[in-house]
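Here is what each chain is made of, one letter per residue.
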Amino acid sequence: MLKYYLTLALRSLKRNVVLTVLMIAAIGVGIGASMTTLTVFRAMAGDPIPAKSGQLFAVQIDNWGPKKGVVIGDKDNLQEQISYPDATGLMNARAAHRQSAMYATGFALTPSNPDLRPFQVQARAAYADFFPMFDVPFRYGGPWTAADDEDHADVVVIGHDLNDKVFGGANSVGKTMNLDDHEYRVVGVLDRWQPTPKFYDLNNNKYGKPEEAFIPFTRAIDQQLPSWGNNNCGGDAGAPGWEGRLHSECIWMQFWAELPSAADAEHYRTFLNNYAAEQQRLGRFHWAPNTRLRNVREWLAYEHAVSQEVKILVLVSFSFLLVCLLNAMGLMLAKIMGRAADIGVRRALGANRGAIFAQCLIEAGVVGLAGGLLGLALTGLGLLGLRSLLSDDVNRLTHFSLSNVAIAVTLSVAATILAGLYPTWRAAQVQPAWQLKAQ
Amino acid sequence: MLKMTHLSKAYRTEVVETFALRDFSIHVREGEFVAVTGPSGSGKTTFLSIAGLLEEFGGGEYQLDGANVRGLNDNQRSRLRNQKIGFIFQAFNLIADLNAQDNIDVPLRYRGFDGAERRRRIQESLSRVGLSARGRHYPAELSGGQQQRVAIARALAGSPRLLLADEPTGNLDTQMARGVMDLLEELHRDGATIVMVTHDPELAVRAQREVHIVDGQVVDLAPQPRLVAAAHANS
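As the structure is a computational prediction, the values presented were derived from the model and not from experiment.

Participant: Let's hear about the overall build of chain A: which residues, and what values?
Facilitator: Scanning chain A from N- to C-terminus turns up 16 helices and ten strands. Here chain A, with 439 residues, has 44% of them falling under the buried criterion. For chain A, the proportion of contacts with a sequence separation of at least 24, taken over those separated by at least 6, is 77%.

In structure tokens, the structure reads:
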């Protein structure tokens, strides 16, 4: 009967083209508006590392104390980054399954190819664990080793774009690269990798691409590579110079730990508190331990990775979709009630209420499908229109994906069927005797 | 075939209760052709709606083909209607955006016949009403008489036990009306049980028996003079 009902639905829609077009337009516009904002929202709020987002934890340590009088962060007066002393303290403890202190930096790259001019490269100083911890894929080679970290080795992992630019896309593992007048040996080339948002450092270009070069944290400190990211000293920059910066309470680094189980996370929390308590005993902290561990999802929420404006926009557009659906429901009701006589005839000829219900509901589904397809086209237009309003990074992310198509069509069909329930119920209640008497 | 005993049907509003049928009894035997007549508002159409399981009734009993229909749910009534009853309406009630074949196909779909069986029955019933060549015509492309023939073909396609006709010639001119009545008589001769509601005495006399309704009650069950004369001649 499904095929029969589909045929009837198409015939019915052709019978009153104006009403059909109005219904499809109402649903299409609603779907277009809601999918446009939803696409932006999903691009900004997606889980960047779904397989491990519950096992990766950002570490926060209050190294300023309540007397500092500077409120950082959301509500808990906890800084979003950590200081170098804490970064090295936590790394030395090695209390997590994997861990990495890191900071955003960069340097001038002088290509060996004389045809290429030197250019600046954004980089990240990190530990070897960074790569397996974040499931970073490699096209060639692999990460450096823990021994390289200890040896402060001159090694670099580069992104595939940089590899294309400097080495023409060839396997560059083993080749050297001149960075800030120092030669680094390439040990790995990343494959396509774009966690969105860039959860491991939301302070710096959170919807941007990952850095194009990664070097050992220890080597970056040796080479005094400055921070290219967010720096906050809370009004006390400490002694001047590189050594002064390293020993200051300025926050400019991130620290992530991989803790596979809930028990691991609990142990690490205890460890962090003990660490802060030790700092208190040593006289560095003059306040009770105040530390936090947040997994990726908690961290994105804490950092407001998705702005309030985008959330409101999504709410407004879905409210608009609701209004469109109410309109479509009214039109469907008018259409179905206009066919009450036909429904009466069908009932007289043996259709039970369920058959009429199914027939009308499938018709609503066909309208929803057409509305969804129109909505997809309008979403494409909407995203084009938004390009002038959004940053390049977000624009790059807000593209049509297969999942967007599936969501739009499913949402449209489901919402239209939902909106069609009342008109369909009314259709099923048609009293055949009354309709036939009225002829 | 159709037996109603002391049946009543009332329409209620907040202030008044109106009986459309009151203490209504009728018995139509298998193979009979019965004309139900009466003035407007006498309850003819209400009787037909109840007989066709399109409407529920208040008191009394109704047996259709030996089965008591009181208390049946919507599914059961729909199935009985589909399997045992064929409707012929005054206004034909063909579905405008379906051609003749597809109109006839409607009850067969709900019956659950497969494609081959449906096609066979559609051709057979179209042939029966002399419209084999018009199967792909839409109602708007057919004359009133042809539309009523399609409606009759639709009623016949499911091989119903009972044909209910509500003023089947009411919307037709004399010549077309004669053709439709000839067809009904032919169906009756072939064994169909027909109950026809009409207010036209000339049509009523072509039935085997006339039942007259006034104010929702059967008032006259006298046999047709033509049939009485025929019976006397035979004896």
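What follows continues from the structure just given.
Participant: Give me the lowdown on the overall build of chain B, citing residues and values where you can.
Facilitator: If you tally the helices and strands in chain B, you get eight helices and ten strands. When the 235 residues of chain B are sorted by exposure, 46% land in the buried category. Looking at chain B alone, contacts between residues at least 24 apart form 70% of all its contacts between residues at least 6 apart.

Participant: Would you mind going over helix α1 (residues 44-51) of chain B in detail, with residue names and values included?
Facilitator: All names here are of chain B. Burial runs high along α1: eight of the eight residues are buried. Within the sequence span of α1, burial applies to Lys44, Thr45, Thr46, Phe47, Leu48, Ser49, Ile50 and Ala51. One or two residues past the end of α1 sits leucine 53, with phi positive at roughly 60°.

Participant: I'd like a description of the packing of helix α4 (residues 115-128) of chain B against helix α5 (residues 144-157) of chain B, backed by residues and values.
Facilitator: Geometrically, a packed helix pair is captured by the angle between its two axes and the distance between the axes. Residues and elements named next belong to chain B. Between α4 and α5, the shortest axis-to-axis distance is 9 Å and the interhelical angle comes to 135°. On the basis of their axis angle, the class for α4 and α5 is oblique. Taken as a pair, α4 and α5 cross one another with a handedness that is right-handed. Counting all contacts with α4, which are made through Arg121, Ile122, Ser125, Leu126 and Arg128, the residues of α5 involved are Ala153, Leu156 and Ala157. Looking at the contact of α4 with α5, its residues break down into five nonpolar, one polar and two charged.

Participant: Got a sec to walk through the interface of chain B and chain A? Specific residues and values, please.
Facilitator: Of the residues lining the interface, 21 residues belong to chain B; the matching set on chain A comes to 19 residues. Those elements giving two or more residues to the side of chain B that touches chain A turn out to be α1, α2 (74-84) and α3 (100-111) of chain B. Residue composition of the side of chain B that touches chain A, by class: eight nonpolar, seven polar and six charged.

Participant: Please give an account of α5 of chain B that cites residues and values.
Facilitator: Residues spaced three or four apart along an α-helix face the same direction, because each turn holds 3.6 residues. Residue and element names in this part refer to chain B. Helix length check: α5, at 14 residues, gives a terminal C-alpha distance of 20 Å against a target of 20 Å (1.5 Å per residue), a fit within 8%. Most of α5 sits inside the fold, with 13 of its 14 residues counted as buried. Looking one or two places after α5, you find serine 159, whose phi comes out positive at around 50°.

Participant: Break down the pairing of strand β7 (residues 182-190) of chain A for me, with residues and values.
Facilitator: Residue and element names in this part refer to chain A. Note that strand β4 (residues 138-141) and β7 share three bridges and pair antiparallel. Its bridge partner lying in β7, tyrosine 140 is registered against valine 189. Sheet topology places strand β5 (residues 155-158) next to β7; four bridges connect them, and they run parallel. Pairing of isoleucine 158 across the sheet is with valine 189, part of β7. As defined by bridge partners, strand β6 (residues 176-179) adjoins β7 across four bridges and the pair is classed as antiparallel.

Participant: Outline the sheet that holds strand β2 (residues 17-28) of chain B, listing residues and values.
Facilitator: Working definition: the strands of a sheet are paired by backbone hydrogen bonds and lie parallel or antiparallel to each other. All names here are of chain B. Reading across the sheet, the four strands line up as β2-β1-β4-β5 and stay open at both edges, with antiparallel pairing between neighbours. The open sheet terminates on both sides in strands that have one partner only, identified here as β2 and β5 (67-68). Of the strand pairs in this sheet, strand β1 (residues 2-12) and strand β4 (residues 61-64) are connected by four bridges, and their pairing is antiparallel. Paired with methionine 4 across the strands is tyrosine 62, a residue of β4. Sheet contacts for α1: β1, β2 and β4; angle to β2, the most-contacted strand, approximately 60°.

Participant: Requested: an account of the environment of glutamine 359 of chain A, with residues and values cited.
Facilitator: Residue and element names in this part refer to chain A. In this fold, glutamine 359 is placed in helix α13 (residues 353-386). It is 8.7 Å that separates the C-alpha atoms of glutamine 359 and tyrosine 4, two residues lying 355 residues apart in sequence. Not counting chain neighbours up to four residues away, the residues in contact with glutamine 359 comprise Tyr5 and Leu8.

Participant: Run through the packing of α3 of chain B against α5 of chain B, naming residues and quoting values.
Facilitator: Residues and elements named next belong to chain B. Contact geometry for α3 and α5: axes closest at 8 Å, N-to-C directions at 30°. When the axes of α3 and α5 are compared, the pair comes out roughly parallel. Pair α3 / α5 crosses with right-handed handedness. Side by side, α3 and α5 meet where Ala100, Asn103, Ile104, Val106, Pro107 and Leu108 of the first sit next to Val150, Ala153, Arg154 and Ala157 of the second. Of the residues contributing to the contact of α3 with α5, the split by class is eight nonpolar, one polar and one charged.

Participant: Describe the environment of cysteine 324 of chain A, listing the residues and the values that go with them.
Facilitator: All names here are of chain A. By secondary structure assignment, the location of cysteine 324 is in helix α11 (residues 308-338). Spatially, the C-alpha atom of cysteine 324 lies 8.7 Å from that of glycine 28, the residues being 296 residues apart in sequence. Ignoring anything within four residues of it in the chain, the contact list for cysteine 324 reads Ala26, Ile27, Val29 and Gly30.

Participant: Could you give me a rundown of the nonpolar core, with the residues and numbers involved?
Facilitator: Membership of the largest hydrophobic core comes to 109 residues, with the highest contact counts inside it found for Ala328 of chain A together with Val195 of chain B. With twelve residues, the top contributor of residues to this core is α13 of chain A. When near neighbours in sequence (up to four residues on either side) are disregarded, alanine 328 of chain A contacts Met23, Ala26, Ile27, Thr416 and Ala419 of chain A.

Participant: Any chance you could break down unusual backbone geometry for me, citing the residues and the numbers?
Facilitator: Cis geometry marks the peptide bond from threonine 196 of chain A to proline 197 of chain A; its omega dihedral reads -5°. In this structure, histidine 6 of chain B is a non-glycine residue whose phi angle is positive, near 50°. Residue placement: histidine 6 of chain B occurs in strand β1. Judged by C-beta crowding, with 11 C-beta atoms within 10 Å, histidine 6 of chain B ranks as exposed. Despite not being glycine, serine 159 of chain B has its phi angle at roughly 50°, a positive value. Examined against the element boundaries, serine 159 of chain B turns out to sit in the loop between α5 and β7 (162-166). Since 13 C-beta atoms lie within 10 Å of it, serine 159 of chain B is described here as partly exposed.

Procedures and definitions
Residues numbered from 1 in each chain as written. Chains lettered and ligands numbered in written order. Predicted model: local features only at pLDDT ≥ 70, side-chain atom pairs only at ≥ 80, totals over all residues. Helix = DSSP H or I, 4+ residues; strand = E, 2+ residues; numbered from the N terminus. Buried ≥ 20, exposed ≤ 12 C-beta atoms within 10 Å, placed from the backbone. Contact = placed C-beta atoms within 7 Å. Axes fitted to C-alpha atoms, helices over the stretch in contact; angles between N-to-C directions. Parallel < 35°, antiparallel > 145°, perpendicular 65-115°, else oblique. Left-handed = near helix turned anticlockwise from the far one by under 90°. Nonpolar A, V, L, I, M, F, W, Y, C, P; charged D, E, K, R; others polar. Expected span 1.5 Å × (residues − 1). Pairing = 2+ DSSP bridges. Core = buried A, V, L, I, M, F, W, Y, C linked by C-beta atoms within 7 Å.

Function cannot be read off these values alone, since they describe shape.
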